[in-house]
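Structural overview for review
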Amino acid sequence: MDYDTLKQSLQDWILSTETGFAGEIDDTIIELGENRIYRAIDLQITHEVSTETIVADTQNIALSTPATNVWALLSAHIVVAADNSIVTLEQKDYTWIREYTSDTDNRGTPKYYALVQDSSQDMQIALAPIPDTADTLTYECIVRPTKMTATTNETTWLGDNAPDVLLYACLCEAAVFMKMPKQLELFEPKFQSALQGLLMQENRRNRVDEERNGEIKVG
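Quantities reported herein were computed from a predicted structural model and do not represent experimental measurements.

The next subject is the sheet that holds strand E7 (residues 123-128). The 4 strands lie next to each other as E2-E7-E6-E5, forming an open sheet whose pairing is mixed. Strands with a single pairing partner mark the edges of an open sheet, and in this sheet they are strand E2 (60-62) and strand E5 (90-91). Across 3 bridges, the pairing between E2 and E7 is antiparallel. The residue of E7 that forms the bridge with Asn60 is Ala126.

It is worth spelling out the side chain of Glu202 at this point. Here Glu202 lies in helix H6 (residues 181-206). Taking the relative accessible area as the measure of exposure, Glu202 reaches 1% and is therefore buried. At 2.8 Å, the side chain of Glu202 forms a polar contact with the backbone nitrogen of Gln44.

Turning next to the sheet that holds strand E1 (residues 47-53). Pairing is antiparallel across the open sheet formed by 4 strands, whose spatial order is E1-E8-E3-E4. Each end of this open sheet is capped by a strand with a single partner; those strands are E1 and strand E4 (86-88). Ignoring strand direction, the axes of neighbouring strands in this sheet form an average angle of 30 degrees. As paired elements, strand E3 (residues 70-79) and E4 share 3 bridges and run antiparallel to each other. In the strand pairing of E4, His77 is matched with Thr88.

A negative phi angle characterises most non-glycine residues, just as the trans form characterises most peptide bonds. Of note, the amide linkage connecting Ala128 to Pro129 takes the cis form, showing an omega dihedral of -5 degrees. Within the secondary structure, Pro129 sits in the loop between E7 and strand E8 (136-143). At Asp57, a position not held by glycine, the phi torsion is positive, near 70 degrees. Positive phi, normally seen in glycine, also occurs at Asn84, with a value near 60 degrees.

Among the nonpolar cores identified, the biggest contains 33 residues, and Leu6, Leu10, Ile30, Ile37, Val165 and Phe191 are the most heavily contacted of them. At the level of secondary structure, the elements contributing two or more residues to this core comprise helix H1 (3-14), helix H2 (19-40), helix H5 (163-177) and H6. If you tally residues by element for this core, the top one is H5, at 10 residues. Counting 17 residues, the second largest nonpolar core, distinct from the first, contains Leu63, Ala76, Ile125 and Val143.

Basis of the calculations
- Residues numbered from 1 in each chain as written.
- Predicted model: local features only at pLDDT ≥ 70, side-chain atom pairs only at ≥ 80, totals over all residues.
- Heavy atoms only, no water.
- Pairing = 2+ DSSP bridges.
- Helix = DSSP H or I, 4+ residues; strand = E, 2+ residues; numbered from the N terminus.
- Buried < 20%, exposed > 50% of the residue type's maximum accessible area, 1.4 Å probe, protein only.
- Polar contact = N/O pair within 3.5 Å; in protein donor to acceptor, adjacent residues only side chain to side chain.
- Axes fitted to C-alpha atoms, helices over the stretch in contact; angles between N-to-C directions.
- Core = buried A, V, L, I, M, F, W, Y, C linked by side-chain atoms within 4.5 Å.

Structure (structure tokens):
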């Protein structure tokens, strides 16, 4: 299901070609529907692994992943250049990191990290101790995939692989916008049922060893 098909389906199901509704589909409804899905299921497509170069004597490392896309940081590791060893970092809150590094002479290979935003709202990883060598930082984060749009991103993973979930999620948001409580009561169970189907599909795709990895849950 591409953008044009989804927009037409929303207008057909809601029985409205009103200009304000069509504009809200473009500006808000599809994005809100996508967010419904991403917040309900931890889809593998939202996981991204990236690397950044650590600068010696620099505590905060800017992430190349756009700040507006990062929802959570799952793990972080240091690859030590001297011997290619890997150090798994322990996550702490930023206040703890600042207190730990209040002594500026406390330097070495980082052991801890926290996800922070700078004054420009750019996402950074704060490290402790303050790095003393130029190593490599590898991290896994949850990102919001690029939203479906009319011009730059007409097809998405959700539209290709879970069109029913996407449609019902957007119909729920459309019913709220159009103030149609009875339609919302109809669409919400359909969305939840389609969501369960996507959950089972995702668990089958990711199942390697349930004893080790467990199963994805609906949030």
